[in-house]
Amino acid sequence: MSEFSLHTATQEPELDTAMKVVFQWNYEPEVDELRRLYVKATEAQWIAARDLDWERPIDHAKFAATPLGAALPVEQTSYWKSLPEETAWELTRRTAAFRLSNFLHGEQGALMVAAQLVNAVPHTDAKFYAATQTMDEARHVEVFAKYIQKLDMVRPIAPPVKRILDATLETEDWLKKLVGMQIVVEGLALYSFRQMRNLTEEPLLKDLLTYVARDESRHHAYGVQYVERCVPCLSDAQRTELEDFALEAARTLIDNRNQSALLSAVLQIWAEVGIDAAELFACVERERDELTRHMESGRRLGPVQGFVIPTLRRCGLLSERVAAHFHAFLRENLGSKLVGADVEEFMERIPELPRDTAAWVLGANA
Ligand SMILES: [Fe+2]
Ligand SMILES: [Fe+2]
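Overview of the structure. (Residues numbered from 1 in each chain as written. Chains lettered and ligands numbered in written order. Predicted model: local features only at pLDDT ≥ 70, side-chain atom pairs only at ≥ 80, totals over all residues. Heavy atoms only, no water.)

## Topic: the overall build of the protein chain
Quick reminder of the rule: In DSSP terms, a helix is any run of H or I states spanning at least four residues, a strand is any run of E spanning at least two, and both are numbered starting from the N terminus. Here the radius of gyration uses the C-alpha set of atoms, whereas the globule reference equals 2.2 Å times the residue count to the power 0.38. Only protein chains enter the accessibility calculation, which uses a 1.4 Å probe. A residue is then buried if its area is under 20% of the maximum for its type, exposed if over 50%, and partly exposed in between. Contacts: residue pairs with any heavy atoms within 4.5 Å of one another. Positive charges come from Lys and Arg alone, negative charges from Asp and Glu alone, with His and the N- and C-terminal ends not counted. For charged residues, the charge sits on one atom: NZ in Lys, CZ in Arg, CG in Asp, CD in Glu.
Tallying secondary structure elements over the protein chain gives 17 helices and 0 strands in all. Taking 21 Å as the expected radius of gyration for a compact globule of 366 residues, we find that the protein chain reaches 21 Å, a close match to that expectation. Taking the principal axes of its C-alpha atoms as reference, the protein chain extends roughly 65 × 60 × 40 Å. Across the 366 residues of the protein chain, 49% fall into the buried class. Contacts in the protein chain between residues at least 24 apart in sequence constitute 83% of all its contacts with a sequence separation of at least 6. Mean positive and mean negative side-chain charge positions of the protein chain (41 and 56 charges, respectively) differ by 3 Å.

Here it is, written out as structure tokens:
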């Protein structure tokens, strides 16, 4: 343990933010659904050291089913399967640590945004709720860090993730913070947690993701219930600005053009283990048909069309104007895989949000 100091070697340079702080003198319940959510959150608190069994070693064989987050399941290629067991495990654990590290850093961003919301939102019920979320996010940082430590080591944040966290922390507009964090970032995270939780067979990771995903479904509900109340009070210009903030946030996290940094991080991990990236890519190309045949058709909607956009629509933040922008950017990224040839069909195919997000998150279908 290094000596205590006010400036630590691992900290980032300070980020200037323009947050405004609001006192509220009405302490009576005002937004009932948020007050109920706050009560539910206080009852659902859990303790990482008590409720998860950290003594259990990570089960290598069971860990193998954990999705690595690549666009195609590279772990199903013949190249991957031909690797010596030890190399395949090294590759799996390091790639998974990279993915989990970005969850971890995202959780730290969520922790700080939630704390900002306590200060910035104008309603007491919303401040109370944000306080419980702050506690939840601290616990999420704790458990992801602890799990990664068991698995490998914490790896640096991917630049697009950092950009969106900075933008959400920097804005002085608390509604943008809510939309950026609760709807876009947490919407995408919830989708990934759900997929990872349902597919992994590693018991500790599964338990951990079950607790985290339950909390996240409440965070998403907070965003939906609060933003949906607020949007009708906005002017057209304010609503447009908010829609554009959501679009930009989704674009930053999903757009292929931002993915090169991610790819180079993954290639670096492969090189560490002695994998010939060119050979692996060639194998993916040769086996592309076989690899995609078993991908579930439901997954084609993806996290943006399948979850973030339905949330925005529910909140009144999906005008035809912004829907056209979403359609254009998703078409650029997904090509023929996008569901909806034109904006009209695209809008028609947007599903309803699940009635019970917590049940959906813990449901069996990935
Ligand atoms: Fe979280
Ligand atoms: Fe969260």
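## Digging into the side chain of S101
Within the element layout of this structure, S101 appears in helix α5 (residues 85-120). Among the residues examined, S101 registers a relative accessible area of 0% and is labelled buried. The contact partners of S101, leaving out residues within four places of it in the chain, are I148, M153, V154 and R155.

## Here's the deal with the pattern of salt bridges
Threshold: When a carboxyl oxygen of Asp or Glu lies within 4 Å of a side-chain nitrogen of Lys or Arg, that pair is called a salt bridge.
In the structure shown here, the tally under the stated rule is 26 salt bridges. Among the salt bridges present, the one from E272 reaches R94, with a minimum N-O distance of 2.7 Å. Placement of E272 in helix α11 (residues 260-273) and of R94 in helix α5 is noted, with a sequence separation of 178 residues between them. What makes E272 partly exposed here is its relative accessible area of 35%. Notably, a salt bridge pairs D215 with R139, separated by 3.2 Å at the nearest N-O pair. Within this pair, whereas D215 is found in helix α9 (residues 203-230), its partner R139 is found in helix α6 (residues 124-151), the two being separated by 76 residues in sequence. Residue D215 shares its accessibility class with R139, and that shared class is buried. Each of the salt bridges in this network shares a partner with another, and the network as a whole consists of E90, R93, R94, D152, R155 and E272.

## Points about the coordination of the iron ion (ligand 1)
Stated precisely, the cut-off is as follows: Listed donor atoms are N, O and S within 2.8 Å of the metal (Na, K and Ca: 3.2 Å). As water is not included, a site may look incomplete. In short, tetrahedral needs four donors with all angles between 85 and 135 degrees, square planar needs four and octahedral six donors with opposite donors over 155 degrees apart and all other angles between 65 and 115, and whatever is left is irregular.
Around the iron ion (ligand 1), the protein contributes the donor atoms E107 (OE), E137 (OE), H140 (ND1) and E216 (OE), which lie 1.8 to 2.3 Å from the metal centre. Around the iron ion (ligand 1) sit 4 donor atoms, and with donor-metal-donor angles ranging over 87 to 137° the site reads as irregular. Taken as a pair, the iron ion (ligand 1) and the iron ion (ligand 2) lie 3.1 Å from each other and share E137 as a ligand. Of this pair, E107 sits in helix α5 while E216 is found in helix α9, placing the two residues 109 residues apart along the sequence. Comparing E107 with E216, the two get one shared label, buried.

## Points about the packing of helix α8 (residues 174-199) against helix α10 (residues 236-254)
Defined as follows: Fitted lines through C-alpha atoms serve as axes, helices being fitted only where they are in contact, and the angles separating the N-to-C directions of these axes extend from 0 to 180 degrees. Here a crossing is taken to be left-handed if its near helix is turned anticlockwise relative to the far helix by less than a right angle, and right-handed if that turn runs clockwise.
In the contact formed by α8 and α10, the axes pass within 9 Å of each other and the chain directions differ by 35°. The crossing of α8 and α10 is right-handed. Contacts between α8 and α10 involve L175, K176, V179, G180, V184, V185 and L188 on the former and, on the latter, E241, L242, F245, A246, A249, A250, L253 and I254.

## Concerning the coordination of the iron ion (ligand 2)
Within the protein, E137 (OE), E186 (OE), E216 (OE) and H219 (ND1) serve as the donor atoms for the iron ion (ligand 2), at 1.8 to 2.1 Å. Around the iron ion (ligand 2) sit 4 donor atoms, and with donor-metal-donor angles ranging over 90 to 160° the site reads as irregular. We note that the donor set of the iron ion (ligand 2) lies within a single chain, spaced as E-x48-E-x29-E-x2-H.

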